[in-house]
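# A closer look at the structure
These are the residues of each chain, in order.
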Amino acid sequence: MADLTRDDVAHLAGLARIDLSEAELDRMVGELGVILESVATVQQAPIADVEPMSHPMPIVNVTRPDEVRPCLAPEEALAGAPEAEQQRFSVPRILDDE
């Protein structure tokens, strides 16, 4: 594997839109190098006969039956809301149209 350079780290930081100081760039060269070496070591693991799994232990999803039960009427649910509109909570807009 090619060695990671300071320019590589600066390029990656630019892609991620992270501003790094000169000292941080120098430090990250070593830290990212260790991470890349660790990934390379894990990639060498003999996994040809290992079956893919989503969890290391066998698990079963426990679910309950979907049953209709009584619930609040819209008026009751919105009773404490500062503002409501068309049976929904009304909240201030935080995003522009742009």
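Use the structure listed above.
Scope of this entry: the structure provided in the associated data block. Keep in mind the model is a prediction, meaning the values are calculated, not measured.

Rules used throughout
Residues numbered from 1 in each chain as written. Predicted model: local features only at pLDDT ≥ 70, side-chain atom pairs only at ≥ 80, totals over all residues. Heavy atoms only, no water. Helix = DSSP H or I, 4+ residues; strand = E, 2+ residues; numbered from the N terminus. Buried < 20%, exposed > 50% of the residue type's maximum accessible area, 1.4 Å probe, protein only. Contact = heavy atoms within 4.5 Å. Areas by Shrake-Rupley, 256 points an atom, 1.4 Å probe, with all protein chains shown as cover. Lys, Arg positive; Asp, Glu negative; His and termini not counted. Charge placed at Lys NZ, Arg CZ, Asp CG, Glu CD. Axes fitted to C-alpha atoms, helices over the stretch in contact; angles between N-to-C directions. Parallel < 35°, antiparallel > 145°, perpendicular 65-115°, else oblique. Nonpolar A, V, L, I, M, F, W, Y, C, P; charged D, E, K, R; others polar. Expected span 1.5 Å × (residues − 1). Bend = angle between axes of the 7 residues up to and from the residue. Salt bridge = Lys/Arg side-chain N within 4 Å of Asp/Glu carboxyl O.

### Notes on the overall build of the protein
- When helices and strands are tallied, the protein shows three helices and two strands.
- Reading the protein from its N terminus to its C terminus gives the helix and strand order α-α-α-β-β.
- Among the 98 residues that make up the protein, the fraction classed as buried is 6%.
- In the protein, 23% of the contacts between residues at least 6 apart in sequence involve partners at least 24 apart.
- Approximately 9700 Å² of the protein is accessible, and the part contributed by carbon and sulfur atoms is 56%.
- Positive and negative side-chain charges of the protein, numbering 7 and 20 respectively, have mean locations separated by a distance of 7 Å.

### Quick word on the environment of Val91
- Structurally, Val91 can be placed in the segment after β2 (88–89).
- Look at Val91 and you get exposed, because its relative accessible area is 64%.

### Section: unusual backbone geometry
- Despite not being glycine, Arg17 shows a phi value in the positive range, around 55 degrees.
- As for its placement among the helices and strands, Arg17 is situated in the loop between α1 (6–15) and α2 (22–43).
- Backbone geometry at Gln86 places phi at a positive 50 degrees, although glycine is not the residue there.
- Classification of Gln86 as exposed rests on a relative accessible area of 64%.

### Re the packing of α1 against α2
- Packing of α1 against α2 leaves a shortest axis separation of 9 Å and a crossing angle of 105 degrees. Judged by the inter-axis angle, α1 sits roughly perpendicular to α2. Contact residues: α1 offers Arg6, Val9, Ala10 and Leu12, while α2 offers Glu22, Leu25, Asp26, Met28, Val29 and Leu32.
- Its residues placed into classes, the contact of α1 with α2 shows seven nonpolar, no polar and three charged.

### Structural notes on α2
- Relative to the 32 Å expected for 22 residues at 1.5 Å per residue, α2 spans 32 Å between its end C-alpha atoms, a close match to the ideal helical length.
- Of all bends in α2, the biggest is about 25 degrees, found at Met28.

### Thoughts on the pattern of salt bridges
- Throughout the structure, instances matching the rule amount to three salt bridges.
- For Arg6, the salt bridge goes to Asp26, with nearest N and O atoms at 2.6 Å. Of the two residues, Arg6 is situated in helix α1 and Asp26 in helix α2; the sequence distance between them amounts to 20 residues.
- The exposure class of Arg6 is partly exposed, given its relative accessible area of 30%.
- Bridged by salt links that share partners, the residues Arg6, Glu22 and Asp26 form one connected network.

### Points about the environment of Pro74
- The topology assignment puts Pro74 in helix α3 (residues 74–77).
- Pro74 sits in the partly exposed class, given a relative accessible area of 36%.
- When the C-alpha atoms of Pro74 and Glu51 are compared, they prove to be 50 Å apart, with 23 residues separating the residues in sequence.

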